[in-house]
Amino acid sequence: MSMLTALLVGFGAAAVAPALHRFAGRWTGALLTLVPAALFASFVIRVAPLVDGHVATERYAWAPRLMLHLSLRADGLALLMALLITGIGALVALYANRYLEGHPHLGRFYLFFFGFMSSMLGLVLSDNLLALFIFWELTSLTSYLLIGFDHTRDTSRAAALQGLLVTVGGGQALLVGVVMMGSAVGTLELSQLPGHALQTHPLYPWMLLLVLVGAFTKSAQFPFHFWLPGAMAAPTPVSAYLHSATMVKAGVFLLARLTPALGATPLWESAVTWVGGATMVVGAFLALGQRDLKLILAHATVCVLGTLTFLIGLGTALALHAMVVFLLAHALYKGALFLAAGAIDHATGTRDLVLLGGLRRAMPLTTAAVLLAAASMAGLVPALGFIGKELVYEGALAAPRAPGLATGATLLAFIPLVAVAAMLAVRPFFGATRELPHAPHEGPPGMWLGPLVLSVLGLVLGLFPSAVDGLLARASAVMAPAAPPPPPLKPWHGLNAALGLSVASLAGGAAVYFARDGLRGRISRLRLERWGPGRGYELALAGMLRFARFQTRLLQSGYLRRYLRMSVVAVGGLTAYALLTRARVWPELRGGDLEPYEAAVGVLMVLAAVTAARTRSRLASVSAMGVVGFGVALVFLFFGAPDLALTQSIVEALTVVVFLLALFHLPAYEELSSRPARLRDVGVSLAFGAVMATLLLVTVQNPEFPPISGYFLQNSVPGGHGRNVVNVILVDFRALDTLGEITVLAIAALGVSALLKAGRQKGTAR
Amino acid sequence: MTSLIFNSVVRALQPLLLFFSVFLLLSGHHAPGGGFTGGMVAASAFVLYGMATDTAAARRALRVPLPVLMGVGLLLALASGLVSVVSGEPFLTSVWLKFGAGVLGEVELGTPLLFDLGVYLVVMGVTLTFVASLAEE
């Protein structure tokens, strides 16, 4: 299956999901699970050739002039992410079918879900930065729809909007950064970006800053981390999939992808390392202050995302390899923990850690899954998490600058993480059975299969890391192409400093675990939501609305005549300014070759215009305007444009009808404006007319730009198969413009119809 | 407006105007006319009919709801642009067919005509929507 086919199949599944739900009912999820499963298989097949050194690429022209190609590239990093997206996607799709069983909008859920999955696949496979950006924004949009899936709840909608504004705002920064990169080096293909040319470019700091804002918002890095806990308003399968395993890794993924092009400069190293380090410490610390299972997991995810960013910032081959291994370990255990948290919520009716207890007998399989996953999270031998953690410590110890600080920060983040893992594993399952909203019971297979498969996989890969060794080595080679291949992963690294640190974090974690209740109280008493960055978001949003109200009051008077005057003054003023500063040749007025009948029509039009402005009868002013219009049609006819003359006269006739119909609804004629106001309006009109006339004369007499009508006259018959040049221009040469115009016309007509209908219903027709 | 003379004239004029609008549409590629003008003339035929009877009668005479008219027009214009995409040319490149048609001699048919038909329908629908919205208020 080509990668393009894979993407199309994914989007196709999204498109048919709502219809399928209508037919297949409760089997929808099971049927649709086959799609990600098949895609997963198609990516598994690609692993062996890749490890042998064959990188699959596909390239389709999209908009080549914008440097936009749909270039797909399954290198190590892309393939690792694609396997996670489709593999976890299949398990979550199956899980969601039971989690949302009987939900009336399950079809819609799968539409958004597969829309997200395919966009995420596109994101990781894209080798073109613009294409990547498009998929990036699609993931933000589908994430918005999924967070707000429970759309009748205000909190869901607010959380969805917050996630959207933060990630899409960052996306805009990313787009500008990407465009700057493209215009600096002339290509947007990730695999061909010349690192040296970019890093020595004078705009490099700006490009870097903008791209980093994009990556940091998407991956919930401090100080943008606040949207991720908010996103927990989504159904749990969504949290497990988007907000821990896949989408939030997009920012980290982008940083990894751009490491060869933008990385290894002092600016990159300090910015990425500091932000990542701050995020991992803040996230771990905040996780201790939560009671809700999902919020604990969300903050722990923030911590891990910070760690991944931090490792990319360190930038050594060792740290980059640790990043890849830790990413895989995290995706497996965090996906399992989230799904298990959802199963507990589903079975007991609560996610409050303090209320839960003694579930091990009622939910043995979920218990097993959580124990295994938590072991990986805490970094116990022999889980994959242990290998990941050892590598992270080794990377921090070998940091090129300030290894002591780097190691200390890592330790500071991992100690709370161990404590959190212990809380998750012990509190809900052991101890006395408690009173719960529902009697606990093990869910159907679809609900325990996912967590169990993921957590067992974490254990198996910890015991036999050679299974993924080749793929992971290829993945880190994407970031550090020049480095020698990393040593093969081993389940046991022997006695070394990293092991010592591991033991230290376990011991520290145990200590924190026993002090957990006091700590939680203290952290929640800090009331971080009062002064944290989340508050900044609220203030910014409120400020924006205040500004909108202010400028609306300033500009929107609600009087048509003011709008008209504003437009006329703005257009006329700007045109006059351009004419005065730019026009090099001033037109000469030649009246000699005017025929008497042409002059007569001109005089008639002027007289009619004056009448229209002066008369006190509406009917007379409409008729006078009609005279002006038909006069224009005559002018067209005199100067050899019969087509325009025809159109103009029909338009004029219909305009008169429309005016007459409108007249019925107008109140009696009244003088509303004072004499000075009318004199000012006369001045504005005369000035506007003068500006337009001058513009026309300058344009016609300008020798610098030859008129384009020659081209159309020559090509009309051979190219457009028509002798009516105007029509050929409209329907062939400039057909796209016409298509746009008729679309606007149709929308305007619908708007007019709706406005008048609304006015009629309110009884306040204007 | 109830005027016997006006009603009788409109009755005779309406089919003629419609016929004329189609003529304008078809001849527009070589002579003055085209979809825009044709659509306006067709609209004025129904506007006159509506003035002679009433708006509801004019809507019935049209048979098709106005939004559908505009929608079909837009789709036709869009579809005419997609014909070339099938053969790998850019969107909206014109495609022409030439064939002999008996007494008519050689006839050229191209996607621009389809496009123009779309313009015709949209313009007709838009104009009638404006007039009908005001007239029914």
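This structure is a prediction, so every number in the text was calculated from the model and none was measured.

Draft legend 1. Up close: the overall build of chain A. Helices and strands together make up the secondary structure of chain A, namely 32 helices and two strands. Looking at the 766 residues of chain A, the share that counts as buried comes to 46%. Here the analysis covers contacts within chain A between residues at least 6 apart in sequence; of these, 78% occur between residues at least 24 apart.

Draft legend 2. The arrangement of the interface of chain B and chain A in detail. At the interface, 39 residues of chain B touch 36 residues of chain A. Elements that contribute at least two residues to the side of chain B that touches chain A include exactly helix 2 (35-52), helix 4 (66-86), strand 2 (106-110) and helix 5 (111-136) of chain B. Top element by residues in the side of chain B that touches chain A is helix 5 of chain B. It accounts for 14 residues. For the side of chain B that touches chain A, the per-class residue count stands at 22 nonpolar, 14 polar and three charged.

Draft legend 3. Structural context of the packing of helix 28 (residues 642-663) of chain A against helix 2 of chain B. Their axes nearest at 10 Å, the elements helix 28 of chain A and helix 2 of chain B cross at an angle of 30°. Here helix 28 of chain A is positioned roughly parallel relative to helix 2 of chain B, judged by the angle of their axes. Handedness of the crossing formed by helix 28 of chain A with helix 2 of chain B: left-handed. Of helix 2 of chain B, the residues touching helix 28 of chain A (which contributes Leu646, Thr647, Ile650, Val651, Ala653, Leu654 and Val657 of chain A) are Phe36, Thr37, Met40, Val41, Ala43, Ser44 and Val47 of chain B.

Draft legend 4. Local environment of unusual backbone geometry. Cis geometry marks the peptide bond from Phe222 of chain A to Pro223 of chain A, where omega comes out at 0°. Its location among the elements puts Pro223 of chain A in the loop between helix 9 (204-218) and helix 10 (227-230). That bond from Val381 of chain A to Pro382 of chain A is cis: its omega, 5°, falls within 30 degrees of zero. You can see Pro382 of chain A is positioned in the loop between helix 16 (364-378) and helix 17 (384-397). Positive phi outside glycine occurs at Met67 of chain A, with the angle close to 60°. On the secondary structure map, Met67 of chain A appears in the loop between strand 1 (56-63) and strand 2 (68-74). Judged by the 18 C-beta atoms lying within 10 Å of it, Met67 of chain A is partly exposed. Despite not being glycine, Leu92 of chain B has its phi angle at roughly 75°, a positive value.

Draft legend 5. Structural context of the pairing of strand 2 of chain A. Residue and element names in this part refer to chain A. For strand 2, the tally of buried residues reaches six of seven residues, placing the bulk of the element in the interior. With seven bridges connecting them, strand 1 and strand 2 associate as antiparallel partners. Note on strand 2: the bridge partner recorded for Glu58 is Leu72. What sits between strand 1 and strand 2 in their antiparallel hairpin is a turn of four residues, with Met67 showing a positive phi close to 60°.

Draft legend 6. Fine view of helix 1 (residues 3-24) of chain A. All names here are of chain A. Along helix 1, the sharpest kink reaches roughly 50°, centred on Ala17 and followed within four residues by the proline Pro18. Listing the buried residues of helix 1 in full gives Met3, Ala6, Leu7, Gly10, Ala13, Ala14, Ala17, Leu20 and His21. The inward-facing, buried residues of helix 1 abut helix 2 (28-44), strand 1, strand 2 and helix 5 (106-125). Phi turns positive, to about 55°, at Gly25, one or two residues after helix 1.

Criteria and thresholds
- Residues numbered from 1 in each chain as written.
- Chains lettered and ligands numbered in written order.
- Predicted model: local features only at pLDDT ≥ 70, side-chain atom pairs only at ≥ 80, totals over all residues.
- Helix = DSSP H or I, 4+ residues; strand = E, 2+ residues; numbered from the N terminus.
- Buried ≥ 20, exposed ≤ 12 C-beta atoms within 10 Å, placed from the backbone.
- Contact = placed C-beta atoms within 7 Å.
- Nonpolar A, V, L, I, M, F, W, Y, C, P; charged D, E, K, R; others polar.
- Axes fitted to C-alpha atoms, helices over the stretch in contact; angles between N-to-C directions.
- Parallel < 35°, antiparallel > 145°, perpendicular 65-115°, else oblique.
- Left-handed = near helix turned anticlockwise from the far one by under 90°.
- Pairing = 2+ DSSP bridges.
- Bend = angle between axes of the 7 residues up to and from the residue.

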